[in-house]
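Topology and contacts: notes
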Amino acid sequence: MPTAKQAAQERLESARGDLVSLSHRIHSRPELGFEEEHASAWLCETLDAAGFEVEKGAAGLATAFVARAGNGPLHIGICAEYDSLPGIGHACGHNLIAAMSAGAGIAAARVADELGVTVVVLGTPAEEVGNASGKIVMLERGAFDCLHASMMVHPAPFEAATMKIIAASMFDVCYHGKEAHASAFPELGINAADALTIAQTSLGLLRQHIRQTDRIHGIVTKGGDAPNIVPAHTSARYIIRSDNLEELQELRAKVRRCFEAGALATGSKLEIQGGDQPYAHMHHDLGLAAIYQRNAEALGRKFPDLGPLRDRVAASTDMGNVSQAMPAIHPAVGIDSLPAVNHQPEFTAACITPTADQALFDGALAMAWSIVDLASDASTRTRLLTRS
Ligand SMILES: [Zn+2]
Ligand SMILES: [Zn+2]
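Let me sum up the structure you'll find in this document. (Residues numbered from 1 in each chain as written. Chains lettered and ligands numbered in written order. Predicted model: local features only at pLDDT ≥ 70, side-chain atom pairs only at ≥ 80, totals over all residues. Heavy atoms only, no water.)

Moving on: unusual backbone geometry. Cis geometry is found at the peptide bond from Leu338 to Pro339, where omega equals 10°. Summarising the element assignment, Pro339 is placed in the loop between strand E12 (332-334) and helix H11 (345-350). One non-glycine residue, Ala126, lies in the positive phi region at around 55°. Relative to the helices and strands, Ala126 is located in the loop between strand E4 (117-123) and helix H5 (134-140). Phi is positive for His343, which is not a glycine, with a value near 70°. Tracing the backbone shows His343 in the loop between E12 and H11. For His343, a relative accessible area of 40% translates into the label partly exposed. (Helix = DSSP H or I, 4+ residues; strand = E, 2+ residues; numbered from the N terminus. Buried < 20%, exposed > 50% of the residue type's maximum accessible area, 1.4 Å probe, protein only.)

Pasting the structure below:
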């Protein structure tokens, strides 16, 4: 093994206990997107103590940060996510991502100067918010500008080097009608809940006429105030997804007509907010993904042949937007959670097991070793440095 890899491993091993306790601490105090005050502060403290130069509140976002170590010309970004989900805590395992990315940064920083690398750990808040999320805003405001490539590793039920990541858009729908006594004067009311029912019925029918790869899913966030008042204000939050941003545009137009149908039939007024800064599909850098997989395999990780599941299990992340701007990878690290899967409370519980702690360590080391490889391999290094 090259001495740089060995040095990175020794550095990570010395930080192992702190990283596991950081992961558990973030897990025990779940914070929603853009409110990750504690997680962000704890990560900044950890990186600062490891010798990183830490910029808090990066890109004008209170819970974002950018931490740098090393002075090499090749700038490699490692994205840390740390937001949780409403009601079910760290059911996507972002506590593991946070500690894993900090660990990868700390291990790579140990050898950054000899490799000619600057290691940049980016604290990217609010991955779960579905629109105008942390990475999207940070990209827009230049926080990723100096980077030649970016990486992160996401916990999942099983290992995957290139998980399917599709485009997504989240938006809020509101209907404005008119109140009336639901029994005595119903003819004076405009029923905003009926508008929502018609929209949902239309969406159900639309599902026959969309691509198999499209998805439409939502929740009612307000359904009315009392059964004896005609509901005048209702709302829903929806996410639509497609294989890529172009197909998402087509789906958006069809979905919009379903919501318009609700307004037309009831005479209520439709308002749609959000959906303006969607998540892009992921363009995996296959060269970097292969480097990552080799390093993870060297640690004993097994990448199963997922067969048709590989395309079926498609999710979305703002790492997709990063991948449209530069070479990027987003492999999955398995935490042996089945039958529990992401966004279930049982997965929350699986994110602090000894298996999850080991995945944290392996994911961090595989990223650090990948940085050693991509910096030392002349053709990869040149490709990243000379990318236009
Ligand atoms: Zn998630
Ligand atoms: Zn996630």
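The antiparallel open sheet is built from four strands, whose spatial order is E8-E9-E7-E10. Among the strands making up the open sheet, the edge pair consists of strand E8 (215-222) and strand E10 (269-274). Direction aside, the axes of adjacent strands within the sheet are offset by 25° on average. Inspection of the sheet shows strand E7 (residues 167-176) paired to strand E9 (residues 233-242) by 10 bridges, in the antiparallel sense. Across the sheet, residue Ala168 finds its bridge partner in E9, namely Arg241. Along the sheet, helix H6 (residues 192-206) contacts E7, E8 and E9; its crossing angle with E9, the most-contacted strand, is approximately 20°. Sitting on the sheet, helix H7 (residues 245-266) is in contact with E7, E8, E9 and E10, with an inclination near 15° to E7. (Pairing = 2+ DSSP bridges. Axes fitted to C-alpha atoms, helices over the stretch in contact; angles between N-to-C directions. Contact = heavy atoms within 4.5 Å.)

Before going further, it helps to examine the coordination of the zinc ion (ligand 1). Bound to the zinc ion (ligand 1) are the protein donor atoms Cys92 (SG), Glu128 (OE) and His343 (NE2), situated 2.0 to 2.3 Å from the metal. All donors of the zinc ion (ligand 1) belong to a single chain; written as a sequence motif, their spacing is C-x35-E-x214-H. Taken as a pair, the zinc ion (ligand 1) and the zinc ion (ligand 2) lie 3.1 Å from each other and share Cys92 as a ligand. Taken as a pair, Cys92 in the loop between strand E3 (74-80) and helix H3 (94-109) and His343 in the loop between E12 and H11 lie far apart in primary sequence, 251 residues in all. (Donors = N, O, S within 2.8 Å, 3.2 Å for Na, K, Ca; no water.)

Packing of helix H8 (residues 286-298) against helix H13 (residues 378-385) leaves a shortest axis separation of 11 Å and a crossing angle of 140°. One element, H8, and the other, H13, form an angle in the oblique class. In this structure, H8 crosses over H13, and the sense of that crossing is left-handed. Residue-level inspection shows Gly287, Leu288 and Ile291 of H8 in contact with H13, the latter providing Thr380, Arg383 and Leu384. (Parallel < 35°, antiparallel > 145°, perpendicular 65-115°, else oblique. Left-handed = near helix turned anticlockwise from the far one by under 90°.)

The rolling of a water-molecule-sized probe over the atoms marks out the regions of remaining empty space. Within this model, the largest pocket holds a volume of roughly 1400 Å³. Lining the largest pocket are 49 residues, and of these Leu85, Glu128, Ile239, Arg241 and His343 lie nearest its centre. Taken together, the elements giving at least two residues each to the lining of the largest pocket come down to strand E6 (154-156), E7, E8, E9 and helix H9 (309-312). With five residues, the top contributor of residues to the lining of the largest pocket is E8. For the lining of the largest pocket, a count of residues per class yields 26 nonpolar, 14 polar and nine charged. (1 Å grid on protein atoms, 1.4 Å probe; cavity = no way out; pocket = protein on both sides within 12 Å on 5 of 7 lines; lining within 4 Å. Points joined across faces, edges and corners; volume = space filled by probe spheres on them. Nonpolar A, V, L, I, M, F, W, Y, C, P; charged D, E, K, R; others polar.)

Let's shift gears to the sheet that holds strand E2 (residues 65-69). Strands pair in a sheet through their backbones, by hydrogen bonds, and they do so in one of two ways: parallel or antiparallel. Spatially, E1-E2-E4-E3-E5-E11 is the arrangement adopted by the six strands of the open sheet, whose pairing is mixed. Of all strands in the sheet, those with a lone pairing partner are strand E1 (53-56) and strand E11 (328-329), marking the two edges. Pairing between E1 and E2: four bridges, direction antiparallel. Bridging across to E2, Lys56 finds its partner in Phe65. Those strands touched by helix H2 (residues 37-49) are E1, E2 and E4, and its axis lies near 10° from that of E2.

Here the structure, examined in full by the defined rule, presents 13 salt bridges. Linking Glu250 and Arg211 is a salt bridge whose minimum nitrogen-to-oxygen distance equals 3.0 Å. Of this pair, Glu250 sits in helix H7 while Arg211 sits in the loop between H6 and E8, placing them 39 residues apart in sequence. Residue classification places Glu250 among the partly exposed positions, given a relative accessible area of 43%. (Salt bridge = Lys/Arg side-chain N within 4 Å of Asp/Glu carboxyl O.)

Within the element layout of this structure, Leu245 appears in helix H7. Using a relative accessible area of 28% as the deciding quantity, one classes Leu245 as partly exposed. When the C-alpha atoms of Leu245 and Gly300 are compared, they prove to be 36 Å apart, with 55 residues separating the residues in sequence. Not counting the four nearest positions on each side in its chain, Leu245 is found in contact with Ala167, Pro278, Tyr279, Ala280 and His281.

Moving on to the pairing of E4. Extensive coverage of E4 is indicated by the burial of seven of its seven residues. Burial of the side chains of E4 extends over both faces: Val117, Val119, Val121 and Gly123 are buried on one face and Thr118, Val120 and Leu122 on the other. Across five bridges, the pairing between E2 and E4 is antiparallel. Bridge pairing in E4 places Ala69 opposite Val119. Across seven bridges, the pairing between E3 and E4 is parallel. The partner of His75 across the bridge, within E4, is Thr118.

Moving on: the coordination of the zinc ion (ligand 2). Taken together, the protein donors to the zinc ion (ligand 2) comprise Cys92 (SG), His94 (NE2) and His154 (NE2), at separations of 2.1 to 2.4 Å. The sequence pattern formed by the donor residues of the zinc ion (ligand 2) is C-x1-H-x59-H. Assessed through its relative accessible area of 7%, His154 is described here as buried.

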